[in-house]
Amino acid sequence: MKRIYLDNAATTYTNADALQAMIPFFTNEHGNAASLHSYGRIAEKAVSEARAKIAAAINAKPQEIYFTSGATESNNWILNGIVRNCPHKRVLVSAIEHQSIMETCAQLEKDGYIVEYIKVGSDGLLSMNDLVARLSKPASLVSVMTANNEVGTIQYINSIASLCEQRGVPFHTDAAQALGSIMMNVKEMKIDALSLSSHKVYGPKGVGALYVRDGFKVDKFMHGGHQERNRRAGTLNVPGIVGFGAAVEITMRDSGVNNGRIKTLREYMISQVQEKIPNVYLNGHKTQRLVNNVNLSFAGAEGEAILIMLDMVGIAASTGSACNSNVLEPSHVLSAMGVEDGLNQSSIRFSLGRNTTREDIDYVVVELVKIIKRLRSISAVKAK
Ligand code: PMP
């Protein structure tokens, strides 16, 4: 059976060159990067090179990059590492953050901290008025994701970070989905901390990074050994880090070509679906969105049912965010954008990738037309 993967926002395959770069560090060069002998030094050198590549991709200094197990850990670290020891027990985050921010905030609230959720508009863009109003009182941190994983809306991070700087409030952004899709420049954008994930940019899973601006004090989150200049304990995942570095380098090198092609396919898919299926709504900002994100609500058809039927014809997509797809709850992102529950629960996220072709999109559109017709006819029968 044909298999088409349109779930690249959930995870990507590992780039073949990145994989090749990793292999020696599983086998002959298996040293611990903290060891003093030659094995350790070779591992440490490879980690340093990867650090430099990742720093270069966001215009940071290598010593401002700390390796973690992924963006989930980076997000947990920054919130806990700032908020828990700051005199202001108040943190501001957008209402559409990833679960790794939302659940950490829920825990902070249980522990007596005040978390405020900054509103977004119907296109997913942050309400600057709401941010300004909330910044009138002291806060420990503002965290707003660069690009949303469900609807793909890209925030005006420059303006948000500048406002925070003017008010003297540190600013963190989760750029897990954004890296490679848009240019990130932590210095120009005045970003104090930024989370990254390897497996969104064709690197291996289970590795990520937190950028922390030099001089910005963030408490330790993982306790143990003195790795990562004594700021993040735990033996480094050397093969993963090497793969992450290689994947980022390749992503940055090829982003112009890849993004242009993928964006054309995105626009083609949206127009084809809207032309061939009535009552379909695009979620998220029309233009200010990730090049690979197509999030659509199919009125009168249930998202989970669409997903299962797509899977039956070999098409992989997602409802809400991947981490939520076993939970039949409306997406908190679409709710925050004011999408009513019916359309919320009829939404599907297609996320295109480097190997997506026009033929793939044509196949998906043909299958979608059939699936939506069938589901709508069933629901019409039920409604009678
Ligand atoms: N933030 C965003 C915006 C994401 O899309 C993801 C991955 N779904 C994460 C954080 C978590 O990243 P990781 O899988 O590396 O922990």
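Criteria and thresholds
Residues numbered from 1 in each chain as written. Predicted model: local features only at pLDDT ≥ 70, side-chain atom pairs only at ≥ 80, totals over all residues. Heavy atoms only, no water. Pairing = 2+ DSSP bridges. Helix = DSSP H or I, 4+ residues; strand = E, 2+ residues; numbered from the N terminus. Axes fitted to C-alpha atoms, helices over the stretch in contact; angles between N-to-C directions. Contact = heavy atoms within 4.5 Å. Domains from an automatic or database assignment. Buried area = accessible area lost by both parts, 1.4 Å probe. Salt bridge = Lys/Arg side-chain N within 4 Å of Asp/Glu carboxyl O. Polar contact = N/O pair within 3.5 Å; in protein donor to acceptor, adjacent residues only side chain to side chain. Expected span 1.5 Å × (residues − 1). Phe/Tyr/Trp six-rings, centres within 6.5 Å; stacked < 30°, edge-to-face > 60°. Buried < 20%, exposed > 50% of the residue type's maximum accessible area, 1.4 Å probe, protein only. Lys NZ or Arg CZ within 6 Å of the ring centre and 35° of its normal. Near = heavy atom within 4 Å. Areas by Shrake-Rupley, 256 points an atom, 1.4 Å probe, with all protein chains shown as cover. 1 Å grid on protein atoms, 1.4 Å probe; cavity = no way out; pocket = protein on both sides within 12 Å on 5 of 7 lines; lining within 4 Å. Points joined across faces, edges and corners; volume = space filled by probe spheres on them. Nonpolar A, V, L, I, M, F, W, Y, C, P; charged D, E, K, R; others polar. Core = buried A, V, L, I, M, F, W, Y, C linked by side-chain atoms within 4.5 Å.

> It is not clear to me how the sheet that holds strand β5 (residues 141-143) should be interpreted in this structure. Could you clarify?
Sheet strands line up and pair through hydrogen bonds in the backbone, either parallel or antiparallel. Overall, mixed pairing links the seven strands, which are arranged β2-β8-β7-β6-β5-β3-β4 in an open sheet. The open sheet has two free edges, formed respectively by β2 (65-68) and β4 (114-118), since each of these has just one partner strand. Strand-to-strand, the axes of this sheet are offset by a mean angle of 20°, without reference to chain direction. In the sheet, β5 pairs with strand β6 (residues 171-174) via two bridges, with the strands oriented parallel. Note on β6: the bridge partner recorded for V142 is F171. Against the sheet, helix α2 (residues 38-58) contacts β2, β7 (193-197) and β8 (208-212), and its axis sits at roughly 115° relative to β2. Packing of helix α4 (residues 99-110) onto the sheet brings it into contact with β3 (90-94), β4, β5 and β6, and relative to β4 it is tilted by some 145°.

> For this particular structure, what's the right way to read the domain arrangement of the chain?
Think of interface size as the accessible area that goes away when the parts come together; that is how it is often given. Per the domain assignment, the segments making up the chain are domain 1 (4-12 + 256-377) and domain 2 (16-250). Relative placement of domain 1 and domain 2: their C-alpha centres are 27 Å apart. Facing the 28 residues of domain 1 at the interface are 33 residues of domain 2. Regarding the contact of domain 1 and domain 2, the summed buried area is about 2500 Å², with carbon and sulfur atoms giving 49% of it. At the surface where domain 1 touches domain 2, the tally comes to zero salt bridges. Across the contact surface, domain 1 and domain 2 share 21 residue pairs in polar contact (both at pLDDT 80 or more). Secondary-structure elements contributing two or more residues to the side of domain 1 that touches domain 2 are β10 (293-298) and α10 (332-336). Broken down by element, the residue count for the side of domain 1 that touches domain 2 peaks at four residues, all from α10.

> In this structure, what is going on with helix α8 (residues 238-276)? I would like to understand it.
Residues spaced three or four apart along an α-helix face the same direction, because each turn holds 3.6 residues. Between its first and last C-alpha, α8 extends only 48 Å over 39 residues, short of the 57 Å set by a 1.5 Å rise per residue. For α8, the side-chain oxygen to backbone nitrogen distance between the N-cap and G240 is 2.9 Å, and the N-cap itself is N237.

> Can you help me understand the packing of aromatic side chains in this one?
For any two aromatic rings, the description comes down to two numbers: the centre-to-centre distance and the angle of the planes. Inspection of every chain in the model, using the stated rule, returns three aromatic pairs. Between Y66 and W77, the aromatic rings sit 5.8 Å apart at their centres with planes inclined by 80°, giving edge-to-face as the arrangement. Within this pair, whereas Y66 is found in strand β2, its partner W77 is found in helix α3 (residues 71-83), the two being separated by eleven residues in sequence. Relative accessible area serves as the criterion here: at 1%, W77 is assigned to the buried category. On the basis of an interplanar angle of 70° and a centroid distance of 6.4 Å, the ring pair of F67 and F244 is categorised as edge-to-face. One end of the pair, F67, is in strand β2; the other, F244, is in helix α8, and 177 residues separate them in sequence. The ring of Y363 has K2 lying over it, and the distance from NZ or CZ to the ring centre is 5.3 Å. For R358, the ring lying beneath its charged end belongs to Y268, and the centroid distance is 3.8 Å.

> It is not clear to me how the site of the ligand should be interpreted in this structure. Could you clarify?
Around the ligand lies a shell of 14 residues, among which T72, D174, Q177, S197 and K200 are the nearest. Measuring from an oxygen atom of the ligand, one finds a side-chain N or O atom of T72 at 2.6 Å. Between the ligand and the protein, one listed contact pairs a nitrogen atom with a side-chain N or O atom of D174 at 2.6 Å. Its free accessible area being 390 Å², the ligand has 89% of it covered by the protein chains. Per element, the largest residue contribution to the shell around the ligand is three residues, and it comes from α3.

> What is the right way to read the environment of A95 from this model?
Inspection of the secondary structure assignment puts A95 in the loop between β3 and α4. Take A95: its relative accessible area is 17%, and that puts it in the buried class. Once the C-alpha coordinates of A95 and V280 are considered, the two residues, 185 residues apart in sequence, prove to be 25 Å apart. With residues near it in sequence (within four places) discarded, A95 still touches M102, Y117, I118, H332 and A336.

> What is the right way to look at empty space enclosed by the protein in this model?
Left-over empty space is what a probe sized like a water molecule reveals as it rolls over the atoms. For the structure on display, the rule yields two cavities of 30 Å³ or more. Size it by volume and the largest cavity reaches roughly 250 Å³. In this structure, the largest cavity is lined by 22 residues; those nearest its centre are L179, S181, K200, Y202 and N292. Considered class by class, the residues forming the lining of the largest cavity number nine nonpolar, ten polar and three charged. When we break the lining of the largest cavity down by domain, the ones giving at least three residues each are domain 1 (4-12 + 256-377) and domain 2 (16-250).

> Looking at this structure, how should I read the nonpolar core?
Where a protein is soluble and globular, its nonpolar side chains tend to be buried together. With 59 residues, the main nonpolar core has F67 and V142 as its most contacted residues. Listing elements by their share of this core, those giving two or more residues are α2, β2, α6 (157-167), β7, β8, α8 and α10. The element contributing the most residues to this core is α2, with eight residues. Residue contacts for F67: discarding those within four places in its chain leaves V47, A50, R51, I54, G208, A209, E228, R232, L236, I241 and F244. Counting 31 residues, the second-largest nonpolar core is a separate cluster that includes M269, I277, V291 and L307.

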